[in-house]
Structures are given as C-alpha cells and as structure tokens.
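Geometric and topological summary
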Amino acid sequence: MQDTKTAIPLGAVPKRKTSGKGVWKRIVQNWELYIFIAPAFLYFLIFSYGPMYGIQIAFKNFIPTKGITGSPWVGFDHFIRFFHSYYFWDLLWNTLSISLYELAVGFPIPIILALAFNEVRNGFFKKLAQTVTYAPHFISVVVMAGMIISFLSPSTGIVVHVIEGLGLQAPDFLTDPRWFKTMYVLSGVWQSAGWGTIIYLAALSGVDPGLHEAAIIDGASRFQRIRHINIPTLIPTMTILLILNMGSLLGVGFEKILLLQNPLNMSSSDVISTFVYRSGLVDAQYSFSTAIGLFNSVINCVLLIVVNQIVRRTSENSLW
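All of these numbers come straight from a predicted model, not from anything done at the bench.

Structural notes on the overall build of the protein chain
Each helix and strand counted, the protein chain has 16 helices and 0 strands in total. Over its C-alpha atoms the protein chain spans a radius of gyration of 27 Å, topping by over 25% the 20 Å that the globule rule assigns to 320 residues. Counting every position in the protein chain, which comprises 320 residues, the buried fraction comes to 33%. Of the roughly 20600 Å² of accessible surface on the protein chain, a fraction of 68% belongs to carbon and sulfur atoms. Charged side chains in the protein chain number 22 positive and 16 negative. The centres of these two groups are separated by 13 Å.

Looking at the UniProt feature "domain: ABC transmembrane type-1" (unreviewed entry) in the protein chain
In the numbering adopted here, UniProt assigns the feature "domain: ABC transmembrane type-1" (unreviewed entry) to residues 92-307. Each end of residues 92-307 is marked by a C-alpha atom, and these two atoms are 20 Å apart; helix forms 76% of the span and strand 0%.

Description of the side chain of Arg 225
With respect to the helices and strands, Arg 225 occurs in helix α12 (residues 222-246). Within the buried core, Arg 225 has no salt-bridge partner, and the shortest N-O distance to an opposite charge, that of Glu 119, equals 4.7 Å. Looking at Arg 225, its side chain comes within polar contact range of the side chain of His 212, at 3.4 Å. Residues in contact with Arg 225, not counting those within four places in the same chain, are His 212, Ala 215, Ile 216, Ala 220 and Asn 230.

Let's talk about the confidence of the model for the protein chain
Averaged over all residues, the pLDDT of the protein chain is 86; the fraction at 70 or higher stands at 93%. Highest mean pLDDT in the protein chain belongs to helix α4 (residues 77-83) (93); lowest belongs to helix α1 (residues 20-29) (80). Note that residues 1-5 has pLDDT below 50 and, in this model, 1 contact with residues that lie over four places away or in other chains.

Things to note about the pattern of salt bridges
Inspection of the entire model under this criterion finds 3 salt bridges. The partner of Arg 222 in a salt bridge is Glu 119, and the shortest N-O contact between them spans 3.4 Å. A residue pair is termed long-range when its members are at least 10 positions apart, and Arg 222 in helix α12 and Glu 119 in helix α6 (residues 108-119) qualify at 103 residues. Looking at Glu 119, the relative accessible area reads 10%, which means it is buried. Residues Arg 278 and Asp 270 are paired through a salt bridge, measuring 2.9 Å at the closest nitrogen-oxygen approach. With relative accessibility at 24%, the residue Arg 278 sits in the partly exposed group. Residue class for Asp 270 comes out buried when judged on its relative accessible area of 11%.

Quick notes on α12
Along α12, the helix axis deviates most sharply at Ile 231, where the bend reaches about 40 degrees; the proline Pro 232 sits within four residues downstream. Along α12, the residues classified as buried are Arg 225, Ile 226, Ile 229, Asn 230, Leu 234, Thr 237, Thr 239, Ile 243 and Met 246. Contacts from the buried residues of α12 go to α5 (88-106), α6, α10 (177-204), α11 (209-217) and α16 (286-314).

Considering the nonpolar core
Ranked by size, the top nonpolar core spans 22 residues in total, and within it Ile 111, Leu 115, Tyr 200, Leu 204 and Leu 234 carry the most contacts. Put simply, the parts of the chain that give this core at least two residues each are α6, α7 (123-134), α10, α12 and α16. Per element, the largest residue contribution to this core is 5 residues, and it comes from α12. Ignoring anything within four residues of it in the chain, the contact list for Tyr 200 reads Phe 107, Pro 110, Ile 111, Ala 114, Leu 234, Thr 237, Met 238 and Leu 241. Among the nonpolar cores identified, the runner-up in size contains 20 residues, and Leu 152, Phe 173, Leu 174 and Val 271 belong to it.

Brief notes about the side chain of Lys 181
Relative to the helices and strands, Lys 181 resides in helix α10. Despite being buried, Lys 181 has no salt bridge partner; Asp 90 is the closest side chain of opposite charge, sitting 9.3 Å away. Once residues within four sequence positions are removed from consideration, Lys 181 is found in contact with Trp 93, Asn 94, Ser 97, Ile 98, Tyr 101 and Ser 268.

Considerations on the UniProt feature "transmembrane region" (unreviewed entry) in the protein chain
Per the UniProt record, "transmembrane region" (unreviewed entry) is annotated on residues 31-50, 91-117, 138-163, 183-203, 231-254 and 286-307. Helix makes up 100% of residues 183-203 and strand 0%. Its end C-alpha atoms lie 31 Å apart. Taken end to end, residues 286-307 comprises 100% helix and 0% strand; its first and last C-alpha atoms sit 32 Å apart.

Cut-offs and rules
Residues numbered from 1 in each chain as written. Predicted model: local features only at pLDDT ≥ 70, side-chain atom pairs only at ≥ 80, totals over all residues. Heavy atoms only, no water. Helix = DSSP H or I, 4+ residues; strand = E, 2+ residues; numbered from the N terminus. Rg over C-alpha atoms; globule rule 2.2 N^0.38 Å. Buried < 20%, exposed > 50% of the residue type's maximum accessible area, 1.4 Å probe, protein only. Areas by Shrake-Rupley, 256 points an atom, 1.4 Å probe, with all protein chains shown as cover. Lys, Arg positive; Asp, Glu negative; His and termini not counted. Charge placed at Lys NZ, Arg CZ, Asp CG, Glu CD. UniProt positions renumbered as here; feature names shortened; annotations may be inferred. Salt bridge = Lys/Arg side-chain N within 4 Å of Asp/Glu carboxyl O. Polar contact = N/O pair within 3.5 Å; in protein donor to acceptor, adjacent residues only side chain to side chain. Contact = heavy atoms within 4.5 Å. pLDDT = per-residue confidence, 0-100. Bend = angle between axes of the 7 residues up to and from the residue. Core = buried A, V, L, I, M, F, W, Y, C linked by side-chain atoms within 4.5 Å.

Here it is as structure tokens:
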C-alpha cells in the first residue's frame, strides 16, 4: 500500500505547461474548425476592430489632407463643445425617451406572443399566425418608412381615412412632434415582434411535457401552468435579452428616423445618431461627429457592464 505520509497533495502536482508547439499542433489537427470560424473572425477583425484605429480623430482636429497621424491633437475639446452645446440635452432626452419607450412596449410583446403561440393546438392556425407576424421582419427599412408615410398621409393615408370615417379628427401623425415617438415605436414593434418570438418559442420547446402533465393531474389551470412552468423557463432568456437591450439603450438606429424626419417633427425626432450623421457626412465635421459617436458607444458599454453586474449579483443569468 502507498504510504499516506509520502503521498503528494493534489494541489502540489505541477501543471503541465502548454508549449507553443502544442498549441500549433492542436490547430493543425483541428484545421477544419478554424477554417469554419475564419470568415466570422475576419469579418469582425476587418469591419469592427480595424476601424477602431480611426477613433483617435475624436481627440484631433482632423484634416483630410494631413491624414489621421498628421492632424493636430486637441484633447477633449470636441467632447466639451458637445456637452456645452444647447442641443445636448435635447438629443440625449430624445434618444433616451425613444429607447425606453421602445423597450417598455417592444420587450414584453414577443414574450406574450410566444406564450400565446405555445398554447395554440390548431396546427394550421398556429402556422398561419406565426407567418403573419414574422412577415414584416423581412420588409426593408426604406419600404417600411414608405408604407408608414403612405398610411399616415393626411390626404391619401388609409389610417387617416378610417379615423375620419369614424367621425373623429385625425392628428397630424407625420408632422406633429407629439406623435413621432409613438409612430416610430409602434411601427418597430409591428415589424420585429413576430421575429423576436422565435427565441422564446425555442426556449419553451425545452419544457419537459411531464411538468404540464403533472400540473394537469394536480388540477392546475392553463393560466397557472403558464405562470409557474412556462414563464420561469423564459426568465433566463428574458434576462439575457434585457441586458443586451440595455447595452444598446443609446444606440437608436438612424435609418428609419432619418426617413421619417422632417423640419416639423425635428424637436422630438432628432437623436444622437441622426446628429452624428448630419455633423459627419453632411457638414464634414469628422472629428466632432467621431467624438459624439465615441461618447455614445462608451455610455452603451458602461450600461451593459453595469446591468450585467447587477444581474450577476442577483441571479446566475448574466452574460459573463
């Protein structure tokens, strides 16, 4: 028998060091897997990490003829100029209000749709309803903006005619600043809600049928089974998606806003992304627009980390 006094403790066993040759050997042995991930790796390397080199012009007075390296440094002058501008708080409020409005309305609807589709037993009706809700996702932003303008036009809009046919006065959806955010959010929910249910339906497909059978035997109603079985199953997925949404809180896309924007609704439709577009591409203020975009990205990154840490301290459903 082995003498326990001379036995080497488990923690004292030296770990085998991985040499460079061993790493390359494993890469050669699994070369098919590395080729498989190479396109995605190159895509992010070229289009996501490569352009980060140009972030430095946010701290320079960029002159195209001198290039990035030859332009003089100005430090935080562009950031200070943006923070002290009269439009800073308006841009920040419009961006935050649209994002929070979209999160409050658009986040729970895919969950509700997924729970409803999961309870439908008629196969034909279920497939038809899913197809109808998924279809708007495949409409491009330009076509979607054209549809919104056509439907809400004061002269030819079908929505306006329906409201007036009911004896009501139709508001100016396209020009009234008070209606812009509602119009933007509801159209976005209509376009993306059906597609978002796919993730939740995939999570619900992992529910053990035995749990529902046992609940039915115990006399649980359908609402009770949804509340105590389906919803707890969705909580991890809901948490991850909520963290990701909070990480893009200030990242309101400018495409649809820019297409629906006009001088009359500018007070509520002008957000950080559209201001960056005008400053950088229209007015050629490259350094100033880069500084604003960097500020936007840093705030989103900080929100993502903070929300993830909060979730990590309260549950196990965090990103890392």
